[in-house]
Amino acid sequence: MKNAVVIVTGASRGIGYAIVERCLKEGCQVLAVSRKPEGLNQLKSPNLHFWEVDVSKRDQIQSFFEGLDQKKIIASHLVNNAGIYFGRPLSVYTDEAIDDVLNTNLKGVIYFTQYFSERLMKQKKRGAIVNISSVSGICGSSDPIYGASKAAVNGFTKSCVYNFSPWIRVNAIAPGVVNTDMIKAIPEHILKKYRSSEFIDSSTEPKDIADATLFLLSEQSQHMTGVILDVNNGCYFRS
Ligand SMILES: NC(=O)c1ccc[n+]([C@@H]2O[C@H](COP(=O)([O-])OP(=O)(O)OC[C@H]3O[C@@H](n4cnc5c(N)ncnc54)[C@H](OP(=O)(O)O)[C@@H]3O)[C@@H](O)[C@H]2O)c1
């Protein structure tokens, strides 16, 4: 991964931050994207470059990639990690909140993938995409809009394989509960249920998802594409 140029969205906190840290440790150039830079200030590295981008806004994403074009930077790897979760039942969802979730969790992934793949494919260069999905996209969620957004990300991941092979591998990770700010929005009784269905008795931390991400970005997974990788303490079995 030494020559890799990795875009990580949602880089300022939680899982995204851990992925940035891990990529820097591997010697990658990291283009860290989120709406606010604050969290990233602690990471001092000449290989870290912050870009303020709202992933739900196509025009901002287009400007980001045009900025890279001007600097003659072509990213080789993309981690679509940015996401939001409201922990709401369908009955209280407004149109605006539905748009927020779908625009961030799904359209953001689509937009980034479009601009990233267009450039890499034109150069006939190899690369990889990892989408941070969720167990919710497979088993459902008490927040149906979030569950729908992640199920769509899984479908999008598998479908992109047809478009980008053999140049770009596309895989996703489906975490269960990971200790970040996001889980504060999970209703208490639901969180208890998730925890009690886990087979492994230590909680999943952001660095654990970062390890799995690095594996899927790297040549160690060179024969894997279209995979949705569970990292969930065994909380759901499926065939
Ligand atoms: N934590 C879990 O239990 C869990 C489980 C399964 C899947 N996941 C998935 O893992 C990913 C990361 O979640 P997390 O737990 O690390 O969440 P988090 O701690 O809430 O962090 C979310 C990150 O996404 C960024 N972000 C949110 N909306 C954005 C937007 N419109 N544009 C750019 N950046 C945006 C945030 O930065 P700014 O606010 O600064 O923009 C922040 O860096 C998400 O896709 C989530 O769905 C999490």
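In this report, we go over the structure that sits alongside the text. The shown structure was predicted, so the numbers you read here are calculated from the model rather than taken from an experiment.

1. Structural notes on the site of the ligand
At step 1: Around the ligand sit 29 residues in total, of which Gly10, Gly14, Arg35, Gly83 and Thr180 are the nearest.
At step 2: Residue composition of the shell around the ligand, by class: 12 nonpolar, 12 polar and 5 charged.

2. Let's talk about the nonpolar core
At step 1: Counting residues in hydrophobic clusters, the biggest one holds 53 residues, and the most contacted among them are Val6, Ile7, Val8 and Val20.
At step 2: Setting aside its immediate chain neighbours within four residues, Ile7 contacts Leu31, Val33, Ala75, Leu78, Val79 and Phe116.
At step 3: Counting residues in hydrophobic clusters, the runner-up holds 5 residues, among them Tyr85, Ile145, Tyr146 and Ala148.

3. Let's talk about the environment of Phe116
At step 1: With respect to the helices and strands, Phe116 occurs in helix α3 (residues 95-122).
At step 2: C-beta crowding within 10 Å serves as the criterion here: with 24 such atoms nearby, Phe116 is assigned to the buried category.
At step 3: In sequence terms Phe116 and Ile183 are 67 residues apart; their C-alpha atoms lie 30 Å from each other.
At step 4: Not counting the four nearest positions on each side in its chain, Phe116 is found in contact with Ile7, Ala75 and Leu78.

4. A few points about the pairing of strand β6 (residues 168-175)
At step 1: Burial of β6 is extensive: 8 of the 8 residues sit out of reach of the surface.
At step 2: Where burial is concerned, the two faces of β6 agree: the one with Ile168, Val170, Ala172 and Ala174 and the one with Arg169, Asn171, Ile173 and Pro175 are both buried.
At step 3: Where strand β5 (residues 127-132) lies against β6, 6 bridges are found, and the strand directions are parallel. Bridging across to β6, Val130 finds its partner in Asn171.

5. With respect to the environment of Gly16
At step 1: Tracing the backbone shows Gly16 in helix α1 (residues 14-25).
At step 2: A sequence separation of 16 residues divides Gly16 from Ala32, and the C-alpha atoms of the two residues are 8.6 Å apart.
At step 3: Apart from the residues within four sequence positions on either side, Gly16 is in contact with Val8, Thr9, Gly10, Ala11, Ser34, Asn81 and Ala82.

6. As for the sheet that holds strand β2 (residues 29-34)
At step 1: The sheet built from 7 strands is open, its strands ordered β3-β2-β1-β4-β5-β6-β7 with parallel pairing. Whereas interior strands pair on both sides, the edge strands pair on one side only; in this sheet they are β3 (48-52) and β7 (228-231). This sheet shows a mean twist of 20° between the axes of neighbouring strands, independent of strand direction.
At step 2: In the sheet, strand β4 (residues 77-80) pairs with β5 via 4 bridges, with the strands oriented parallel. Looking at the pairing, Leu78 lines up with Ile129 of β5.

Quick notes on the rules
- Residues numbered from 1 in each chain as written.
- Predicted model: local features only at pLDDT ≥ 70, side-chain atom pairs only at ≥ 80, totals over all residues.
- Near = placed C-beta within 6 Å.
- Nonpolar A, V, L, I, M, F, W, Y, C, P; charged D, E, K, R; others polar.
- Core = buried A, V, L, I, M, F, W, Y, C linked by C-beta atoms within 7 Å.
- Buried ≥ 20, exposed ≤ 12 C-beta atoms within 10 Å, placed from the backbone.
- Contact = placed C-beta atoms within 7 Å.
- Helix = DSSP H or I, 4+ residues; strand = E, 2+ residues; numbered from the N terminus.
- Pairing = 2+ DSSP bridges.
- Axes fitted to C-alpha atoms, helices over the stretch in contact; angles between N-to-C directions.

Fair warning: the whole summary comes from geometry, so function is off the table for now.
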